[in-house]
Amino acid sequence: MKEFTTKVKKAVIPVAGFGTRMFPATKVVKKELFPIIDKDGRAKPIILIIVEEAINSGIEEVGIVVQKNDIPVFRDFFQVLPSYYEKLSPDKQEYCQYLQNLGSKVTFLTQSEQVGYGHAVFCAKDWVGDQPFLLLLGDHIYASEVKQSCTNQILQIYAQTNQNVIGVRIISGTETHHYGCIGGNLVADGLINIDAIYEKPYLNFAREKLHVAGMKEDEFLAVFGIYVLTAKIFDYLEENIKQNAREKGEFQLTSCLDKLQKTEGMTTYLVKGKCFDTGMPDVYWQTMIDYKFH
Ligand code: UTP
């Protein structure tokens, strides 16, 4: 893929969930603040890796959707020097400046009630305005297999197609019930013609409705956690919220993505890279081992 300048300026990252799967650690620490050791040997909170992924891909402003009570901890991290600043080595003091600089691009948005990922995205509506925006999950990090980052790949597809883009990856049949899954047909260069999107389908349903021709039996396409969406998504989220249309008690994004792809069209792209869903204990553990070496 060639160099390009993205037209997408804003990224939204929701981190307001409870993280029940990471209990009991999440009684005291937000899962998005759990540390990962990166290539340079730095212990970074997951949210930092995600914000860097966005900013290093040309995004100018990041809106992090938080619970109101969590604003201080996130603000301290991104926008305040540590109380022990003087004790840090010169290179770590320099890193503090880098963090402050990154923090100046971060705005905190609030979700007052934890009623789902889709609802958290809706809380960014006013801040986003009417421009297309990048959406990144708050607990997923990425390791690209090519020179361009995973986010860059998605932004480039958007630059080429001018249409909603959703990144996907291949998962096994044992995982479909954890993720939003996509049915469609593989086209050239990792592009997929999408038919439908379903939230966390059971394997039998996936076998019947979501098999993608050309892929192995019991392999499916799941959302990768990186999207470029138009502001139209907020209309569909609002509709669901007004009608109290919940799925498993929560307002989800998936049904709104399905509406969006049917009305505006959507490009689905098989990202050249790996995604780590750090919101699950086993995957978090594996991420600790694998991420440093990506
Ligand atoms: P998840 O469904 O993985 O997160 O949401 P969760 O609800 O926090 O986790 P569990 O299922 O209880 O373990 C994906 C992202 O959306 C955010 C989460 O913080 C996570 O980064 N989210 C989820 C919100 O911001 N608000 C919500 O109401 C739900």
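The structure under discussion appears in the preceding block.
Let us look at the structure shown here.

Scoring rules and cut-offs
Residues numbered from 1 in each chain as written. Predicted model: local features only at pLDDT ≥ 70, side-chain atom pairs only at ≥ 80, totals over all residues. Heavy atoms only, no water. Helix = DSSP H or I, 4+ residues; strand = E, 2+ residues; numbered from the N terminus. Expected span 1.5 Å × (residues − 1). Buried < 20%, exposed > 50% of the residue type's maximum accessible area, 1.4 Å probe, protein only. Arc of directions from axis to C-beta. Contact = heavy atoms within 4.5 Å. Salt bridge = Lys/Arg side-chain N within 4 Å of Asp/Glu carboxyl O. Near = heavy atom within 4 Å. Polar contact = N/O pair within 3.5 Å; in protein donor to acceptor, adjacent residues only side chain to side chain. Nonpolar A, V, L, I, M, F, W, Y, C, P; charged D, E, K, R; others polar. Phe/Tyr/Trp six-rings, centres within 6.5 Å; stacked < 30°, edge-to-face > 60°. Lys NZ or Arg CZ within 6 Å of the ring centre and 35° of its normal. Core = buried A, V, L, I, M, F, W, Y, C linked by side-chain atoms within 4.5 Å. Pairing = 2+ DSSP bridges. Axes fitted to C-alpha atoms, helices over the stretch in contact; angles between N-to-C directions. Parallel < 35°, antiparallel > 145°, perpendicular 65-115°, else oblique.

### Notes on helix α3 (residues 90-103)
No. 1: Under the 1.5 Å per step criterion, the end-to-end length of α3 is 20 Å for 14 residues, consistent within 8% with the ideal 20 Å.
No. 2: Among the residues making up α3, those that are buried are Q93, Y95, C96, L99, L102 and G103. For α3, the arc enclosing every buried residue in end-on projection is 165 degrees, short of the 170-degree limit, so these residues lie on one face. Exposed and facing more than 90 degrees away from the buried side of α3 are P90 and E94.
No. 3: Summarising the contacts, the buried residues of α3 are in contact with β3 (43-45), α1 (46-55), α2 (71-79) and β5 (106-110).

### Description of the pattern of salt bridges
Side chains that differ in charge, positive against negative, can pair when their charged atoms come close.
No. 1: In the structure shown here, the tally under the stated rule is 12 salt bridges.
No. 2: Among the salt bridges present, the one from K30 reaches D70, with a minimum N-O distance of 3.5 Å. Taken as a pair, K30 in the loop between β1 (10-14) and β2 (35-37) and D70 in the loop between β4 (61-66) and α2 lie far apart in primary sequence, 40 residues in all.
No. 3: Residue classification places D70 among the buried positions, given a relative accessible area of 14%.
No. 4: One salt bridge connects R207 with D218, and the closest N-O pair in it is separated by 2.8 Å. Residue R207 is located in helix α7 (residues 203-209), and its partner D218 is located in the loop between α7 and β11 (219-229); the two are separated by 11 residues in the primary sequence.
No. 5: Through salt bridges with shared partners, a single network forms among D38, K44 and E52.

### Regarding the site of the ligand
No. 1: Close to the ligand lie 19 residues; A16, T20, R21, E32 and Q111 are nearest.
No. 2: At a separation of 2.7 Å, a nitrogen atom of the ligand approaches a polar side-chain atom of Q111.
No. 3: Of the residues assigned to the shell around the ligand, the class counts are 8 nonpolar, 7 polar and 4 charged.

### Thoughts on the environment of T174
No. 1: Take T174: it is sitting in the loop between β8 (164-172) and β9 (181-186).
No. 2: For the pair formed by T174 and F220, sequence separation is 46 residues and the distance between their alpha carbons is 9.9 Å.

### Here's the deal with the packing of aromatic side chains
No. 1: Taken as a whole and judged by the stated rule, the model has 7 aromatic pairs.
No. 2: Geometrically, the ring pair formed by Y142 and F224 is stacked, given 5.1 Å between the ring centres and 20 degrees between the ring planes. With a gap of 82 residues between them, Y142 in strand β7 (residues 140-144) and F224 in strand β11 connect regions that are remote in the sequence. Across this residue pair, the class does not change: Y142 and F224 are buried.
No. 3: The ring of Y179 is capped by R169, whose NZ or CZ atom sits 4.6 Å from the centre of that ring.

### Observations concerning the side chain of T254
No. 1: Relative to the helices and strands, T254 resides in helix α9 (residues 254-263).
No. 2: Among all residues touching T254, those that are not within four sequence positions of it are I197, Y198 and E199.

### Let's talk about the nonpolar core
No. 1: Ranked by internal contacts, the top residues of the largest apolar core, which has 48 residues, are I47, V51, V62, I64, F78 and L134.
No. 2: Not counting residues within four places of it along the chain, the set of residues in contact with V51 comprises I13, V62, I64, F78, L102 and V106.

### Focus: the pairing of strand β6 (residues 133-136)
No. 1: Alternating positions in β6 separate into two faces, F133 and L135 on one and L134 and L136 on the other, with burial throughout.
No. 2: Sheet analysis places β1 next to β6, joined by 2 bridges and oriented parallel. By the bridge assignment, V12 is partnered in β6 with L135.
No. 3: Pairing of β6 with β11 involves 4 bridges; the strand directions are antiparallel. Residue pairing for β11: L134 is matched across the bridge by V228.

### Side note on helix α6 (residues 150-161)
Helical geometry: 3.6 residues make up each α-helical turn, so side chains three or four residues apart lie on a common side.
No. 1: The end-to-end C-alpha distance of α6 is 17 Å, a good match for the 16 Å that 12 residues give at a rise of 1.5 Å each.
No. 2: The element α6 is extensively covered by neighbouring structure, given that 9 of its 12 residues are classed as buried.
No. 3: N162 sits one or two positions beyond α6 and adopts a positive phi of about 55 degrees.

### Quick look at the packing of α2 against α3
Each pair of packed helices can be summarised by the angle the axes make with each other and by the distance between the axes.
No. 1: At a closest axis distance of 7 Å, the pairing of α2 and α3 adopts a crossing angle of 120 degrees. One way to sum up the angle between α2 and α3 is to call them oblique. Facing α2, whose interface residues are F77, F78 and Q79, α3 presents L99, Q100, L102 and G103.

### Details of unusual backbone geometry
No. 1: The linkage connecting F23 with the following residue, P24, adopts the cis geometry, with an omega of 5 degrees.
No. 2: Along the chain, P24 falls in the loop between β1 and β2.
No. 3: Even without a glycine there, the phi angle at N162 is positive, about 55 degrees.
No. 4: As for its position among the elements, N162 is in the loop between α6 and β8.
No. 5: Given the relative accessible area of 53%, N162 is considered exposed.

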